[in-house]
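Secondary and tertiary structure notes
Okay, here's what each chain looks like letter by letter:
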Amino acid sequence: MEEVDVEPAITNIPAASGGKHLGFAWGPGDILVYETLYKASGSGSSFIHEVRKDEDIYSPILRKLFNESHHIFVGLQTIREDLPSKNKKSQFVSISKNYRSVIRACMEELQQVVSILLAIELIWNLCEVLFIDAAPAGSLLLHLLDWVRLHKADVDEKAREVLQSESPAEHPDYCDVVVSYVLQGRLEEARQMLVKQATLQPAARNMYKLMDTLLSKMPFYNPGGTQTLTDFDVKWRLWHEEVDRCLQDNSFASNRHLELICKILVGDEDTLLEHKELLSTWYHFLVTRLLFCHPTVKPTELHYYAQSCMTMFLDSRSVPEPLDNILLAAFEFDIHQVIKDCSIALNNWWFVAHLTDLLDHCKLLQSHNLHFGSNLREFLLLEYASGLFTHHSLWQLAVDYFDHCPEFGRVYLELQIEHVPLDTERKALKVLRICEQRQMSEQVRSICKIMAMRALRNNRLGSALSWSIRAKDAAFATLISERFLQDYCARGTFSDLDLIDNLGPAMLLSDRLTFLGKYREFHKLYGEKRFREAAKLLLSLMTAKIAPRSFWMTLLTDALPLLEQKEVSPHQRFSRLWKNLYHCNHKINTSQEEDMEQTKVELLRLALARNLAMAIVKEGTMET
């Protein structure tokens, strides 16, 4: 169980001491404690520590890291596979630098040293140099120098303090700054600092001039130049021999400071190890040793020098830190060991997930299947994305990670999306859009049904109907349509008219919804005094038998004013309306007589009788 950033809460489980036993398993974000039939070994304590698997997900400090790196990840997935390897390499290096810039931006925003971010950038930068950029001999040392300088920047702060003092050459940290510059191969800065001391010691002017010459003549390999690596090696050896002669001739014997610099230039190991406090780490010692002893080191030789430098630098009684082992594995070009050690040492999945993804795109990871069939890249992305899903806002980032896991990504997304709390309609619509875009029909129906039920419980019929239509749930749409009709009977008006007026083809989802939409259409026609069309629509609703029986009396009452309208001929009124109304009225009299208002029944009978009489008269007149 990995370390957490905060003291975990303690939960008292009294049942544990009463003969019941407990088990545990990792859930999407937290540990799940449950009762089991089997007794767990241990002290039998009734206190259970509930911890989070990925506490950093909940840190507002790292929120920017997660958000910004998400965009880089998505961009990486779009790189075309058919591009030439040479072109893709430059893109991969650029993407790696983008990842590192995000890490550094987070550190700068914090305005304090965060050890976890420093370690992450240190490891990533080294992996970029060794694996992604794959610098060859000559260029390799230049990249390693940049790596050390970037992560050992305290010398610049000291240099500023020295230079801002009244007499820099007499400042207590002056010598340390000069030596630090030399240890990092920053010889131009070292020369500028030495000039300040030379002006204070006119008698030693020749010694300072000689040292300045040695520093200025030290050759550095130029990858873009015409000089071959062999030519550079010859030139460097000649320079090295010259420095060694000056040391043997005691050219700087009278100046302890300059003699120390000369010993560093020849790569004297004892002198380097005497300045551990300035080097601070074994890998800084490694790069400095390579600079002054083996500048043309090949990638395949790195592991030998790395192991020997770590052994020499660290105390024999001290145990290497996890970071030491990770860097050593990188120098040994053991990518899988780097990823494995980082997964154990770091307290979140961000680093290993993104680095592994980038290395996989670079074709640097051999096929490495896990016990459940997924490869290493997908496994780590799934773990990282699952952690994001436990956060109230970062869960949206996780969707893209699942999308780019071809084997198990969709399955994970389907399981995780069901656990997103649908706190608001806005959030529910976001989740729904994600599911609809991916044709996750079962999840779409589930979300819509949950939201429809919630809206119905809150008596928000319009919202409930909208969600049920989106879910294509005919049964639920029928239920809500019934509620709309009940409300209409009770209040005499419809709520959510905009929704009902714009149902369109959605009204065909169920007969009851069709009736609701058409009945509302009847009211609109009647309100616009289009009585002939209104009567025709009302007749169709009566004859289609889609109206609920409890609504028949309402339909009969709606027919009353139409029977008296001149726009509708008596023949038309009689021919279909009489038969239908008589049938409905007969059923009402037999099944619901006690619940009806007798006045309405009498009015209906009177209206029908008058309509029949008018129709008979008109038809008789037409016959004569």
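Everything discussed here concerns the structure shown above.
Nothing here was measured: the structure is a model prediction, and the numbers come from that model.

**A closer look at the overall build of the chain**
Counting its regular elements, the chain contains 30 helices and four strands. In the chain, which comprises 624 residues, the share counted as buried stands at 46%. The contacts of the chain with a sequence gap of at least 6 include a subset with a gap of at least 24, amounting to 64%. As displayed, the chain offers around 32500 Å² of accessible surface, 52% of which is attributable to carbon and sulfur atoms.

**Points about the packing of helix α22 (residues 441-457) against helix α23 (residues 461-471)**
Here α22 crosses α23 at 165°, and the two axes come no closer than 8 Å. With respect to α23, the element α22 is oriented roughly antiparallel. Crossing geometry of α22 relative to α23 is assigned as left-handed. Here Val444, Arg445, Cys448, Met451, Ala452, Ala455 and Leu456 of α22 lie close against α23, whose contacting residues are Leu461, Ser463, Ala464, Trp467, Ser468, Arg470 and Ala471. Of the residues belonging to the contact of α22 with α23, the class tally is 10 nonpolar, two polar and two charged.

**Focus: the side chain of Gln197**
Positionally, Gln197 belongs in helix α7 (residues 187-198). In this structure Gln197 touches Ala169, Tyr174, Tyr208 and His257, once residues within four positions along its chain are discounted.

**As for helix α27 (residues 531-544)**
For the α-helix, the turn length of 3.6 residues means that residues three or four positions removed from each other point alike. For α27, which comprises 14 residues, the first-to-last C-alpha distance of 20 Å matches the rise-based estimate of 20 Å (1.5 Å per residue) to within 8%. All buried positions along α27 are accounted for by Phe531, Ala534, Ala535, Leu537, Leu538, Leu539, Leu541 and Met542.

**Quick look at the nonpolar core**
In terms of nonpolar packing, the biggest core is built from 172 residues, with Leu144, Trp147, Trp282, Phe331, Trp350 and Phe351 touching the most fellow members. Ranked by residue count, the leading element in this core is helix α3 (residues 115-132), at 11 residues. Beyond its immediate chain neighbours, meaning those up to four positions away, Trp147 contacts Leu122, Asn125, Leu126, Tyr283, Val287, Leu327 and Phe331.

**A short note on the packing of aromatic side chains**
In the structure shown here, the tally under the stated rule is 20 aromatic pairs. Look at Trp282 and Phe331: their rings are 6.1 Å apart centre to centre, the planes differ by 65°, and that puts the pair in the edge-to-face class. Taken as a pair, Trp282 in helix α13 (residues 282-293) and Phe331 in helix α15 (residues 322-331) lie far apart in primary sequence, 49 residues in all. Residue Trp282 shares its accessibility class with Phe331, and that shared class is buried. Through a chain of ring-to-ring contacts, three or more aromatic side chains come together here, namely Phe66, Phe73, Tyr384 and Tyr401. Its guanidinium or amino end placed over the ring of Phe313, Lys276 lies 5.2 Å from that ring's centre, counting from NZ or CZ.

**As for the side chain of Asp324**
Positionally, Asp324 belongs in helix α15. Despite its burial, Asp324 pairs with no opposite charge, the nearest such side chain being Lys276 at 12 Å.

**Observations regarding the environment of Leu163**
By the secondary structure assignment, Leu163 is in helix α5 (residues 154-163). Sequence separation of Leu163 and Met193 is 30 residues, and the distance between their C-alpha atoms is 8.8 Å. Once you skip the residues sitting within four places of it in the chain, Leu163 turns out to touch Pro168, Met193 and Lys196.

**Brief notes about the pattern of salt bridges**
Taken as a whole and judged by the stated rule, the model has 18 salt bridges. For Arg149, the salt bridge identified is with Asp146, shortest N-O distance 3.7 Å. One end of the pair, Arg149, and the other, Asp146, are both in helix α4 (residues 139-151), three residues apart, so they sit about a helical turn from each other. In this structure Arg149 comes out as partly exposed when scored by relative accessible area, which is 24%. Where Asp403 meets Arg438, a salt bridge forms, and the shortest distance between an N and an O atom there is 2.6 Å. Placement of the pair is Asp403 in helix α19 (residues 395-403) and Arg438 in the loop between α21 (425-437) and α22, with a sequence separation of 35 residues. Taking relative accessible area as the criterion, Asp403 reaches 37% and is therefore assigned partly exposed. Of the residues examined, Arg438 reaches a relative accessible area of 16% and is grouped as buried.

Thresholds, definitions, all that
- Residues numbered from 1 in each chain as written.
- Predicted model: local features only at pLDDT ≥ 70, side-chain atom pairs only at ≥ 80, totals over all residues.
- Heavy atoms only, no water.
- Helix = DSSP H or I, 4+ residues; strand = E, 2+ residues; numbered from the N terminus.
- Buried < 20%, exposed > 50% of the residue type's maximum accessible area, 1.4 Å probe, protein only.
- Contact = heavy atoms within 4.5 Å.
- Areas by Shrake-Rupley, 256 points an atom, 1.4 Å probe, with all protein chains shown as cover.
- Axes fitted to C-alpha atoms, helices over the stretch in contact; angles between N-to-C directions.
- Parallel < 35°, antiparallel > 145°, perpendicular 65-115°, else oblique.
- Left-handed = near helix turned anticlockwise from the far one by under 90°.
- Nonpolar A, V, L, I, M, F, W, Y, C, P; charged D, E, K, R; others polar.
- Expected span 1.5 Å × (residues − 1).
- Core = buried A, V, L, I, M, F, W, Y, C linked by side-chain atoms within 4.5 Å.
- Phe/Tyr/Trp six-rings, centres within 6.5 Å; stacked < 30°, edge-to-face > 60°.
- Lys NZ or Arg CZ within 6 Å of the ring centre and 35° of its normal.
- Lys, Arg positive; Asp, Glu negative; His and termini not counted.
- Salt bridge = Lys/Arg side-chain N within 4 Å of Asp/Glu carboxyl O.

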